[in-house]
Amino acid sequence: MGVLELLKKQFLFLDGGFGTFLQKEGLKPGEHTESWNLSHPDIVQSVHRKYFDAGSNVVCANTFGANSFNFPSDEELELIIKSAIENVRIAAEKSIGNQEKFVSLDIGSLGKLLKPFGNLDFEEAVSVFSKTVKLGVKYGADLITIETMNDSYETKAALLAAKENSSLPVFVTNAYGEDGKLITGATPEAMVALLEGMGADAIGANCSLGPKQLESVAKRILSCASVPVIMKPNAGMPKSVDGKTVFDVGAEEFSCEMKKFADMGITVLGGCCGTDDDYIRLTKEKVSSSECKNIEKKNFTVVSSYTHAVKFGKKPVVIGERINPTGKKRFKQALLENDIAYILREGISQQENEADILDVNVGIPGIDEPEMLKTSVFELQGVLDLPLQIDTSDITAMEEALRIYNGKAMINSVNGKEESMKAVFPLVKKYGGVVTALTLDENGIPETSEKRFEIAEKILRTAEEYGIEKKDIVFDPLAMTVSADPNAARITLESVRAIREKLGCHTSLGVSNVSFGLPNRGAVNSSFFILALENGLSAAILNPASVDMKRAYKTFCALNNLDEGFKEYIDYCSDNLQNNSTKTLPADNDKSLSELLRNAIEKGLKENAGELCEKLLSEKEGLEIVQTVVIPALDTVGKGFEEKKIYLPQLLMSAEAAKCAFEKIKAAVSVTENNNDNSFPVVIATVKGDVHDIGKNIVKLLLENYGYNVIDLGKDVPKEKIVDAALESNAKLVGLSALMTTTVPAMEEAIEAIHKNVPNCKTVVGGAVLTEEYAEKIGADKYSKDAMETVRYAESLKN
């Protein structure tokens, strides 16, 4: 019986923590746990056997960090993965447990942030994960577990590698913070949309927090997931006792909390840091009295970005139409000139005008559409967090954009032609997405609603053959111009109502098509929009800056009880409503260069920031620009991050934009006016044995943008090197990072060495395994929960 068949019948029990076992057996600070597969197989097998004896159905091989970054030798990597899987097999054979047993290939984070927010290319990440997956398949893993991922994009890369290189079941769990989000901002709902769309077999959360702290995350995942849900919490929060890392939730309390999860509907249960075989044994005993609930299909139509999901349903969804060359001379010029900055400004403008999703269409003659579409999607996701609708008839362009899209995209479009469905549906199945289906076929666009309905039925039948559910189909019954056919609007409205009521599917329309050739098009469009909404229209592609359309939308929502307390309508009416047909933001030529530069930095527009700073240098000194424009812009973004109004990616892109401005300043001013403050050097490092440098690199970027002279020692850095760097640079502050529980002792040793040898130097620490109490116990002067807090601490020391 396979693991998925077993899961249909009962709870599935996973294993618990692993590294802490090896620490007790002598694992040295900084030593790779995976190397023990070869050097100490008996100990590794013993740990695995403890979990099988405790009742675990699935035990993860010791391959969490087994990738080509940590083990560049192909031969060594293969030996490690081979022996890791063999060790679990041997443990299963020796175990006294009589339950079904499975070996999982364990895949953890690569420890690097992906572009555009980091330096790792998406395809390189896929390639690294693929090598591990292929070896896991070769040596007989029963399933793949992707865990402790705190970035949606890296999660996608790992899942894509698993799906492209194996047919094994794939379980995926992410590490959520106390705010219920991943470090890069993704909500549980966004991750469910992405992972279910790509075909993960079970999804959930692990690490970072204890079971009580993860309860809200569990409820949110359960509320929208249509696959089994996994929970693998830590044994509470870590702390240091007598120089050892311990956790504050014992096995009895942990198992009681896990039973609560089971009663909520969680069907896959295990533990992470701080848990051992006793935790799993007691969990299985407690859960034995619970009913294993059937998985409920939610049938939600959802798209997502890297931060949040947009759900089709009660409230109409607004899809911004402005990133499309049709009828837009300036946009066509931007495409021909590869003016990405113009496209980004159009995207930001529509977000500011409250679009829910942005349509992205770059199809004109004379350009490389696949490359332009991929670039536009990539760059847009670097500066805004709205889901995107990938709009193209070029199948190559569609696939390339879907592949690098961070989230579950909307796809525009498929139609009733066999050729179209045969090309598009495999992409929807592979990458996930909600596809817009046009009600036309080989015979063209039907002139009756009945014929359009028949095409919709055919599309649904064919989609089902590809394994695509109707929740992932949104029909466009096609708004035709009434000036050519007076019955066109009526036929479209009838089609909208029939598809909604008889098929239970959502619909979308390009509203403005209806008014071509008529005067006062805004009035016609807005009236047709309201009629369509009254007939059940779920979404509309429109100009979100149009006052006519916005007035219609806000009024419809207010009158249909979709605007609690009429708040949005009142805010709209009080927002200096213009009498003209389109509301525009202040023109660029009405703003000073300083205002434009500040806005570019706040929005993360790198190219714009560099160009504007270069112009501003003709008016102001470099230091004045830094003090009056760049730093205030960063402060605004930093405050938004601290208040949870923006997310890490936006913070990073703003920092990159500021960096572009700094480069122009450095090139133009004398050394004496250089922004870096050499009087306050800061040394940063990821401690010995830890190869995860995402957090450290973020801290570096922000500190440098605030003018600090940062000495970055990299990752896996011994304490002696940290002390030498602090002494040589006369550092006032050393920042240390650690992601893994097994490397915290190395952090403690480094702190002790710094305080002994560089007594006037302060230490600040951060990382997923740390808490303020824990940091205090290991002697750190400051614990920072995020990069901005490190900047604030440095500022307090300097002042």
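Residues numbered from 1 in each chain as written. Predicted model: local features only at pLDDT ≥ 70, side-chain atom pairs only at ≥ 80, totals over all residues. Heavy atoms only, no water.

**Q** I keep staring at helix α16 (residues 418-431) and nothing clicks. Help me out?
**A** Because the α-helix completes a turn every 3.6 residues, residues three or four places apart line up on one side. Between its first and last C-alpha atoms α16 spans 20 Å; for 14 residues at 1.5 Å apiece the expected length is 20 Å, and the two agree. Along α16, the residues that are buried comprise S420, M421, V424, F425, L427, V428 and Y431. Two residues or fewer past α16, G432 is found with a positive phi of approximately 80°. (Helix = DSSP H or I, 4+ residues; strand = E, 2+ residues; numbered from the N terminus. Expected span 1.5 Å × (residues − 1). Buried < 20%, exposed > 50% of the residue type's maximum accessible area, 1.4 Å probe, protein only.)

**Q** Sorry if this is basic, but what is going on with the sheet that holds strand β18 (residues 473-476) here?
**A** Within a sheet, adjacent strands bond to each other through the backbone by hydrogen bonds, running parallel or antiparallel. One closed barrel holds the eight strands; their spatial order is β13-β14-β15-β16-β17-β18-β19-β20, and the pairing between them is parallel. Neighbour-to-neighbour, the strand axes of the sheet open up by a mean angle of 30°, direction not taken into account. Pairing geometry for strand β13 (residues 317-323) and strand β14 (residues 357-360), over three bridges, is parallel. For I323, the partnering residue across the bridge sits in β14 and is V360. (Pairing = 2+ DSSP bridges. Axes fitted to C-alpha atoms, helices over the stretch in contact; angles between N-to-C directions.)

**Q** I'm lost on the nonpolar core in this one. Help?
**A** One recurring pattern in soluble globular proteins is that nonpolar side chains are buried together. Ranked by internal contacts, the top residues of the largest apolar core, which has 197 residues, are I146, F475 and L597. Among all residues touching F475, those that are not within four sequence positions of it are A437, T439, A456, I459, L460, I499, L503, C505, H506, T507 and S508. Ranked by size, the runner-up nonpolar core spans 30 residues in total, among them A725, A738, M747 and I751. (Core = buried A, V, L, I, M, F, W, Y, C linked by side-chain atoms within 4.5 Å. Contact = heavy atoms within 4.5 Å.)

**Q** How should I be thinking about the confidence of the model for the chain in this particular structure?
**A** Atom-level detail of predicted coordinates should not be read off regions where pLDDT is low. Model confidence for the chain is summarised by a mean pLDDT of 92, while 97% of its residues fall at 70 or above. Here residues 577-585 is a poorly scored stretch, pLDDT under 50, and it has 17 contacts once near neighbours within four places are set aside; other chains count. Segment residues 670-674: pLDDT under 50, and four contacts once partners within four positions in sequence are set aside and those in other chains are kept. (pLDDT = per-residue confidence, 0-100.)

**Q** Explain the pattern of salt bridges here, please?
**A** Opposite charge on two side chains lets them pair, provided their charged atoms get close. Under the definition given, this model contains 44 salt bridges. Notably, a salt bridge pairs E253 with K212, separated by 3.4 Å at the nearest N-O pair. Pair noted here: E253 is in helix α10 (residues 251-264) and K212 is in the loop between β6 (202-206) and α9 (215-224), with a separation of 41 residues, a long-range link. Ionic pairing is found between R497 and E501, a salt bridge with its closest N-O pair at 2.8 Å. Of this pair, R497 and E501 both sit in helix α18 (residues 488-503), separated by four residues, roughly a single helical turn. (Salt bridge = Lys/Arg side-chain N within 4 Å of Asp/Glu carboxyl O.)

**Q** How should I be thinking about empty space enclosed by the protein in this particular structure?
**A** Regions of empty space are outlined by a rolling probe, equal in size to a water molecule, passed over the atoms. Overall, the coordinates contain ten cavities of 30 Å³ or more when judged by the stated rule. Its volume calculated, the largest cavity comes out at about 500 Å³. If you go around the largest cavity, you meet 29 residues; those closest to its centre are F18, G19, F64, C272 and C273. Those elements that provide at least two residues to the lining of the largest cavity are α2 (19-24) and β4 (143-149). The computed volume of the second largest cavity comes to approximately 110 Å³. What lines the second largest cavity is a set of 14 residues, and nearest its centre among them are E34, G65, N70, H692 and M740. Tallied by class, the residues present in the lining of the second largest cavity amount to three nonpolar, nine polar and two charged. (1 Å grid on protein atoms, 1.4 Å probe; cavity = no way out; pocket = protein on both sides within 12 Å on 5 of 7 lines; lining within 4 Å. Points joined across faces, edges and corners; volume = space filled by probe spheres on them. Nonpolar A, V, L, I, M, F, W, Y, C, P; charged D, E, K, R; others polar.)

**Q** Which parts of the structure should I look at to understand the packing of helix α17 (residues 449-465) against α18?
**A** In a pair of packed helices, the angle between the axes and the distance between the axes together describe the arrangement. α18 packs onto α17 with a crossing angle of 40° between their chain directions and a minimal axis gap of 9 Å. By the angle between their axes, α17 is oblique relative to α18. Crossing of α17 over α18 shows right-handed handedness. In this structure, α17 contributes S449, R452, F453, A456, E457 and L460 to the contact, and α18 contributes I491, T492, E494, S495, A498, I499, K502 and L503. (Parallel < 35°, antiparallel > 145°, perpendicular 65-115°, else oblique. Left-handed = near helix turned anticlockwise from the far one by under 90°.)

**Q** Whenever I open this one, unusual backbone geometry confuses me. Can you help?
**A** Most peptide bonds take the trans form, and the phi angle of most residues other than glycine is negative. Geometrically, the link from K115 to P116 is a cis peptide bond, its omega value of 10° lying close to zero. If you trace the backbone, P116 turns up in the loop between β3 (102-107) and α6 (122-138). A positive phi is found at N338, a non-glycine position, where the angle reads about 55°. Among the structural elements, N338 can be located in the loop between α12 (329-336) and α13 (340-352). Positive phi values are uncommon outside glycine, yet F566 reaches one of about 55°. With respect to the secondary-structure elements, F566 resides in the loop between α20 (547-559) and α21 (567-573). Note on F566: relative accessible area 42%, which makes it partly exposed.

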